[in-house]
Amino acid sequence: MKIVNFVSLIGLTILIAGSLVKNGYEVGDTATDFKLKNIDGKLVSLADFKEAKGFIVIFDCNTCPYSKAYNGRIVALSKKYSKDFPLIAINANSNEESQGDSYEDMVKYAKKHNYDFPYLVDATQEIARAYGATNTPHVFVLNRTHTDLKVAYIGTIDDSPRNASSVTKRYVEDAVDALRAGKPITTPKTKAIGCGIRWKDA
Amino acid sequence: MVRLEKLLSEISTPTDEIRVYNFWATWCAPCVKELPLFEKVNEDDKDVKITLVSMDIDLDPNPEKVYKFIDRKKLQSRVIILEAADPNSWINKIDQNWSGALPATLIINTKTGKRRFVNSAMKEGELEQLIAAVKI
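Computed from a prediction, not measured in an experiment: that's the story for all the values here.

Another aspect to go through is the pairing of strand 3 (residues 48-54) of chain B. All names here are of chain B. Buried residues dominate strand 3, accounting for 5 of its 7 residues. Two strands pair when backbone bridges link them, and strand 2 (residues 18-24) and strand 3 are joined in this way by 7 bridges, in the parallel orientation. Within strand 3, the residue paired with Ile 18 across the bridge is Val 48. Two elements, strand 3 and strand 4 (residues 78-83), share 4 bridges in a ladder whose sense is parallel. Paired with Thr 51 across the strands is Arg 78, a residue of strand 4. Handedness of the crossover is the feature at issue here: the chain leaves strand 3, passes through helix 3 (residues 64-73), returns alongside strand 4, and the resulting connection is right-handed.

Here we come to the interface of chain B and chain A. Counting from both sides, the interface comprises 17 residues of chain B and, opposite them, 17 residues of chain A. Across the side of chain B that touches chain A, the residue classes tally to 10 nonpolar, 4 polar and 3 charged. Judged from the 2 bridges that link them, strand 9 (residues 194-196) of chain A and strand 5 (residues 101-102) of chain B form a sheet pairing that is parallel. Looking at strand 5 of chain B, one finds that Gly194(A) is bridged to Ala101(B).

Time to look at helix 2 (residues 29-44) of chain B. All names here are of chain B. Taking the largest bend as the criterion, helix 2 deviates by roughly 30°, centred on Leu 35, and proline Pro 36 comes between one and four positions later. Where helix 2 is concerned, the buried positions are Cys 31, Glu 34, Leu 37 and Phe 38. For helix 2, the elements touching its buried residues are strand 2, strand 3, strand 5 and helix 5 (126-135).

With omega at -10°, the peptide bond leading from Thr136(A) into Pro137(A) counts as cis. Within the secondary structure, Pro137(A) is located in the loop between strand 6 (135-136) and strand 7 (138-144). Look at the link from Leu102(B) to Pro103(B): it is a cis peptide, with omega at 0°. Considering the arrangement of structural elements, one finds Pro103(B) in the loop between strand 5 and strand 6 (104-108). Positive phi outside glycine occurs at Gln125(A), with the angle close to 65°. With respect to the secondary-structure elements, Gln125(A) resides in the loop between strand 5 (119-121) and helix 4 (126-131). Since 17 C-beta atoms lie within 10 Å of it, Gln125(A) is described here as partly exposed. The backbone of Asp86(B) sits at a positive phi, close to 50°, despite the residue not being glycine.

On to the sheet that holds strand 1 (residues 2-3) of chain B. Residues and elements named next belong to chain B. Read from one edge of the open sheet, 6 strands run 1-4-3-2-6-7, paired in mixed fashion. Here the strands that pair on one side only, and so sit at the sheet edges, are strand 1 and strand 7 (115-118). Across the face of the sheet, helix 2 comes into contact with strand 2 and strand 3 while running at roughly 155° to strand 3.

With that out of the way, let us pick up the nonpolar core. Judged by nonpolar contacts, the single largest core of 82 residues is most densely connected at Ile56(A), Val141(A), Val172(A) and Leu102(B). Those residues within four positions of Val172(A) in sequence are excluded, and the remaining contacts are Ile56(A), Leu77(A), Val139(A), Val141(A), Tyr153(A) and Ile157(A).

You can see Gly194(A) is positioned in strand 9. Taking the C-alpha atoms as reference points, Gly194(A) and Thr134(A), 60 residues apart in sequence, are found 8.9 Å from one another. Once you skip the residues sitting within four places of it in the chain, Gly194(A) turns out to touch Cys64(A), Tyr66(A), Asn135(A), Thr136(A), Gly100(B) and Ala101(B).

Criteria and thresholds
- Residues numbered from 1 in each chain as written.
- Chains lettered and ligands numbered in written order.
- Predicted model: local features only at pLDDT ≥ 70, side-chain atom pairs only at ≥ 80, totals over all residues.
- Buried ≥ 20, exposed ≤ 12 C-beta atoms within 10 Å, placed from the backbone.
- Helix = DSSP H or I, 4+ residues; strand = E, 2+ residues; numbered from the N terminus.
- Pairing = 2+ DSSP bridges.
- Right-handed = clockwise from strand over helix to strand, strands pointing away.
- Contact = placed C-beta atoms within 7 Å.
- Nonpolar A, V, L, I, M, F, W, Y, C, P; charged D, E, K, R; others polar.
- Bend = angle between axes of the 7 residues up to and from the residue.
- Axes fitted to C-alpha atoms, helices over the stretch in contact; angles between N-to-C directions.
- Core = buried A, V, L, I, M, F, W, Y, C linked by C-beta atoms within 7 Å.

Following this line, the structure appears as structure tokens:
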């Protein structure tokens, strides 16, 4: 009996350890809120948006060519959904690893590209790690339930980074539209080629 | 220019050498930085076949930039420019653990199926260790 207990204890330990090192969120997980500095110097949390039914959280940066290719589409997404699914951009790139991604650079970049949404700096990279963001731009669509925030979609914006006019699958729009309509999301997870987030220890 | 089907069939065809596929792009600074590590193994270890898979045309359909880059850096390893639409449909076929971020490297013993996958820049000596790990 003791051996059996010991074995199951080891099993349990491995299970707990496994869940601790889990790499970010899967669709359906509860997302954490954050308090990060915006380009206007103020701290922003998801809890500040009382009316929001959810969020389009995008890990993005100033320097990645994919981010640049998607810049106009990100501004358009924000305009389209700002009422009930506000867009929140977060830059988690370490400026030591990626020149051009400092806070000052972010302020300039947001101004130049007419950002009308928060562009937050994740200086410790803790939020990017918690969410499991890997690329830029990497989108997490969150759905607000009466108790918390659920991850509803993880992935890329659409299927054509090269050219906005040849897009056939609008993954993020489809996900938010489905949430608005109370319908299931057809494609809740996608992958795309992109720039890796520039981690501090890299 | 190589189509996805050709790349996937290569990865699944048994050959004598260990195969290394490094996914990179000319615009990707950490990719460019680690290229010499692959060039070195290509030069030193004849049991290993290095293939540098450029993902440049995912973003820019003109491959000229890649040709110029190869000339300028005098790359000796085999370089292919992957032509593959809708990466969401095939990234998992290369490796389930690939987020899609560059650089990424697959090291595979096509005879035994032993493989390693690295979704970040290589550290000095890491590539040699991973090759040794799939050899046995």
